[in-house]
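What follows is each chain in one-letter form.
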Amino acid sequence: MTNEKLVLGELIYLELKNYDPNIRLPIKEQSYSGIIRWGKRYQSANAGTNGLYKYGIEFSTQNVRP
C-alpha cells in the first residue's frame, strides 16, 4: 500500500527498507522492477489509513533499475 496514486501499466522500481538476505522467496532481493496491473483506493474505518491505495504488481524476472 502507498499514499501515492500510481498509473496502471506504469513501470516501477521498488526497494525494501528492512531487507534481510536470509529471507526465502518471494522476498529474496533488496530491489525489484515491475508493472502495475491493478489498483484501488483502500477503504478503512481507521482514519490513519484512509487515502491509501492498494496495487497489484507483476514483478519482472530481471531486477534491473529503470
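Scroll up to find the structure.
Each value, and the rule that gives it
Residues numbered from 1 in each chain as written. Predicted model: local features only at pLDDT ≥ 70, side-chain atom pairs only at ≥ 80, totals over all residues. Heavy atoms only, no water. Helix = DSSP H or I, 4+ residues; strand = E, 2+ residues; numbered from the N terminus. Buried < 20%, exposed > 50% of the residue type's maximum accessible area, 1.4 Å probe, protein only. Contact = heavy atoms within 4.5 Å. Pairing = 2+ DSSP bridges. Salt bridge = Lys/Arg side-chain N within 4 Å of Asp/Glu carboxyl O. Axes fitted to C-alpha atoms, helices over the stretch in contact; angles between N-to-C directions.

### Regarding the overall build of the protein chain
Link 1 in the chain: Secondary structure assignment for the protein chain yields 0 helices and 3 strands.
Link 2 in the chain: Going from the N terminus to the C terminus, the protein chain shows its helices and strands as β-β-β.
Link 3 in the chain: In the protein chain, buried positions account for 17% of the 66 residues.
Link 4 in the chain: Long-range pairs, those at least 24 residues apart, make up 53% of the contacts in the protein chain between residues at least 6 apart in sequence.

### Describing the environment of Glu10
Link 1 in the chain: For Glu10, the location among the structural elements is in the segment before strand E1 (11-15).
Link 2 in the chain: Residue Glu10 is classed as partly exposed on the basis of its relative accessible area of 32%.
Link 3 in the chain: With 27 residues separating them in the primary sequence, Glu10 and Arg37 have C-alpha atoms 8.5 Å apart.
Link 4 in the chain: Non-local contacts of Glu10, meaning those with residues more than four positions away in its chain, are made with Gly34, Ile35 and Ile36.

### Let's talk about the pairing of strand E2 (residues 31-41)
Regular strands place side chains that alternate from one sheet face to the opposite one.
Link 1 in the chain: Direction of pairing for E1 relative to E2: antiparallel, over a ladder of 5 bridges. From the neighbouring strand, Glu15 faces E2, where its bridge partner is Ser31.
Link 2 in the chain: Where E2 lies against strand E3 (residues 53-59), 7 bridges are found, and the strand directions are antiparallel. Each bridged residue has a counterpart across the sheet, and for Arg41 the counterpart in E3 is Tyr53.

### Overview of the pattern of salt bridges
Link 1 in the chain: This structure, assessed with the given rule, holds 1 salt bridge.
Link 2 in the chain: Here Glu58 makes a salt bridge to Arg37, at a shortest N to O gap of 2.7 Å. Residue Glu58 is found in strand E3, and its partner Arg37 is found in strand E2; the two are separated by 21 residues along the sequence.

### Quick look at the sheet that holds E2
Link 1 in the chain: If you walk across this open sheet you meet the 3 strands as E1-E2-E3, and the pairing is antiparallel. Edge positions in the sheet fall to E1 and E3, since each has one partner strand and no second. The sheet shows a mean angle of 55 degrees between the axes of neighbouring strands, taken without regard to direction.

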